[in-house]
Amino acid sequence: MPKYWMITDRNVAGDEFGGRVAGLSYWTADSDDVDIFANWTRARPDAFQKQLVAATAGFPLITDPNRYDDQQHVTLFVHGYNNGWQDAARTYRKICNSLFAGDSSLGLCVLFTWPSAGSPADYLPDRSEAREAAPDLADVLSELYDWLQKKQADAVKSPDKACRAKTSLIAHSMGNYVLEKAMQSAWTRKNRPLLVSLLSQLLMVAADVDNDLFKSGETVDGSDGDAIANLTYRVSVLYSGRDAVLGASAGLKHFGKRRLGRSGLDPNVTAPDNVCEFDCTALLPESATEVHSAYFDEPKTIDLMRGILRGTDRKLLAAQFHVDHG
């Protein structure tokens, strides 16, 4: 089975991924040099899906409810503002090596890479690029939703056919804006089901979105935050007030709200019960000059992500890592 998996809506320009939205394509790789285009092999969508299903078929079937935390994951990683697809691929490799490799592997991870502009001068326009990429991510999430519905129906007929993997997603920086718009689209396409989990765990890392995203609380109002909360079992926000990139983002965009990844959830609104936050400032080294991406380099935040993905209770995680949470 392939070691690395990628879905992208970037165009292919010669022997490189480009910077334009050009429809979905599917790729696999075995080389650890994931930032070299030639190491990726393009696959037909149906072949990619079959390989992914075959890979999860090797996951252990967990039927004991006391071992639910041991169930493995298929996790999608959506990168944020970066310096090109190579940067995204290198971050993806870090995540794979930290969480999805060796005896303690949580399963497998798939990179979703979109045409982030990748230049400080283009940080504001990058938001329009993110909005343009969102329908393609929505297509991926919609297909995943249909697959999970089928597996649930199969499990009713025969427990042995139950899905062997949880589905989770890690979004970083402006990748959370791509996710926000994609989840709204996927939720609308599926007639806005209530409390039907498309994702088991969603990690919103250094999210470059408004911090009142979940202001609807338990009220169903059809908002973007409402879509995310209803399609996810648990949403975990990882933030730090030392994130200078998001400080600049708030100044550049003038959206009138603080950034979720810098300030955490708006204290003036009541978020849905399945949305929680973790202040990671104390976990990130004081020497870190690039706090915005340091979450993927620091063992403490990696261990926190592992605990979240495994489904450990938020209060236990807060006590274990000595962090504030909501």
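Residues numbered from 1 in each chain as written. Predicted model: local features only at pLDDT ≥ 70, side-chain atom pairs only at ≥ 80, totals over all residues. Heavy atoms only, no water.

*Asks:* Can you break down the side chain of R10 residue by residue, with the values?
*Replies:* Among the structural elements, R10 can be located in strand β1 (residues 4–12). In terms of polar contacts, R10 uses its side chain to reach the side chain of T113, at 2.9 Å. For R10, the side chain forms a polar contact with the main-chain oxygen of W114, separated by 2.8 Å. (Helix = DSSP H or I, 4+ residues; strand = E, 2+ residues; numbered from the N terminus. Polar contact = N/O pair within 3.5 Å; in protein donor to acceptor, adjacent residues only side chain to side chain.)

*Asks:* Hey, could you go over the sheet that holds strand β5 (residues 107–113) for me, with residue numbers and the actual values?
*Replies:* Strand order across the open sheet formed by nine strands is β3-β2-β1-β5-β4-β6-β7-β8-β9, with mixed pairing between neighbours. This sheet does not close on itself; its edge strands, each paired only once, are β3 (41–43) and β9 (275–279). The average undirected angle you get between the axes of adjacent strands in this sheet is 25°. By the bridge criterion, five bridges tie strand β6 (residues 165–172) to strand β7 (residues 199–205) in an arrangement that is parallel. (Pairing = 2+ DSSP bridges. Axes fitted to C-alpha atoms, helices over the stretch in contact; angles between N-to-C directions.)

*Asks:* Kindly report on the pairing of β5, identifying the contributing residues and their values.
*Replies:* For β5, the buried fraction is high: seven of the seven residues fall into the buried class. The pairing of β1 with β5 spans four bridges and is classified as parallel. Directly across from T8, in β5, lies its bridge partner T113. In this structure, strand β4 (residues 72–78) lies alongside β5, joined through six bridges in parallel fashion. In the strand pairing of β5, F77 is matched with L111. (Buried < 20%, exposed > 50% of the residue type's maximum accessible area, 1.4 Å probe, protein only.)

*Asks:* Hey, could you go over the pairing of β6 for me, with residue numbers and the actual values?
*Replies:* The buried fraction of β6 is high, at eight of eight residues. Where burial is concerned, the two faces of β6 agree: the one with A165, T167, L169 and A171 and the one with K166, S168, I170 and H172 are both buried. As paired elements, β4 and β6 share seven bridges and run parallel to each other. The residue of β6 that forms the bridge with T75 is S168.

*Asks:* Give a description of a nonpolar patch on the surface that names residues and reports values.
*Replies:* A cluster of nonpolar side chains, L194, L195 and V220, forms an exposed patch at the surface whose accessible area comes to about 330 Å². You can see L195 is positioned in the loop between α4 (175–189) and β7. (Patch = residues over 30% accessible without salt bridge, like charges linked within 9 Å, V, L, I, M, F, W, Y side chains within 5 Å. Areas by Shrake-Rupley, 256 points an atom, 1.4 Å probe, with all protein chains shown as cover. Salt bridge = Lys/Arg side-chain N within 4 Å of Asp/Glu carboxyl O.)

*Asks:* Quick one: what's the story with the packing of aromatic side chains, residue by residue and with numbers?
*Replies:* Note on aromatic pairs: each is described by the distance of the centres and the angle between the planes. Under the definition given, this model contains eight aromatic pairs. Aromatic pair W5 and F48: ring centres 5.5 Å apart, planes at 85°, arrangement edge-to-face. Remark: F48 occurs in helix α1 (residues 45–57) and W5 occurs in strand β1; sequence separation between them is 43 residues. Residue W5 shares its accessibility class with F48, and that shared class is buried. Taken together, a centroid distance of 5.0 Å and an interplanar angle of 85° make the contact between F17 and W27 edge-to-face. Each member of the pair, F17 as well as W27, is classed as buried. Counting every residue linked through ring pairs, the aromatic cluster contains F17, W27, F37 and W85. (Phe/Tyr/Trp six-rings, centres within 6.5 Å; stacked < 30°, edge-to-face > 60°.)

*Asks:* Describe the side chain of T75, listing the residues and the values that go with them.
*Replies:* In this fold, T75 is placed in strand β4. Judged by relative accessible area, which is 1%, T75 ranks as buried. Dropping the residues within four chain positions of it, T75 is found in contact with F100, L108, C109, V110, S168, L169 and I170. (Contact = heavy atoms within 4.5 Å.)

*Asks:* A description of the pattern of salt bridges should follow, citing residues and the corresponding values.
*Replies:* A complete count under the given rule lists 13 salt bridges for this structure. Put simply, R44 and D46 hold a salt bridge, and the shortest N to O gap is 3.3 Å. Exposure remark for D46: the relative accessible area of 38% places this residue in the partly exposed category. With its nearest N and O atoms 2.3 Å apart, the salt bridge here joins D210 to R259. Of this pair, D210 sits in the loop between β7 and α5 (224–231) while R259 sits in the loop between α6 (244–253) and α7 (260–263), and the two are 49 residues apart along the sequence. A relative accessible area of 1% places R259 in the buried class. Counted as one network, the salt bridges with shared partners bring together D35, D87 and R90.

*Asks:* Kindly report on α4, identifying the contributing residues and their values.
*Replies:* For α4, with 15 residues, the first-to-last C-alpha span of 21 Å sits near the 21 Å given by 1.5 Å per residue. In terms of burial, α4 is largely enclosed, as eleven of its 15 residues are buried. When we look at burial in α4, the residues that qualify are G175, N176, Y177, V178, L179, E180, A182, M183, Q184, A186 and W187. (Expected span 1.5 Å × (residues − 1).)

*Asks:* Explain unusual backbone geometry residue by residue, including any values.
*Replies:* Its identity as a non-glycine residue notwithstanding, S173 has a phi of 55°, on the positive side. Tracing the backbone through its elements, the reader meets S173 in the loop between β6 and α4. Take S173: its relative accessible area is 0%, and that puts it in the buried class. Of note in the backbone geometry, N191 takes a positive phi value of approximately 65° without being a glycine. Positionally, N191 belongs in the loop between α4 and β7. Accessibility expressed as a relative area gives 69% for N191, which makes it exposed.

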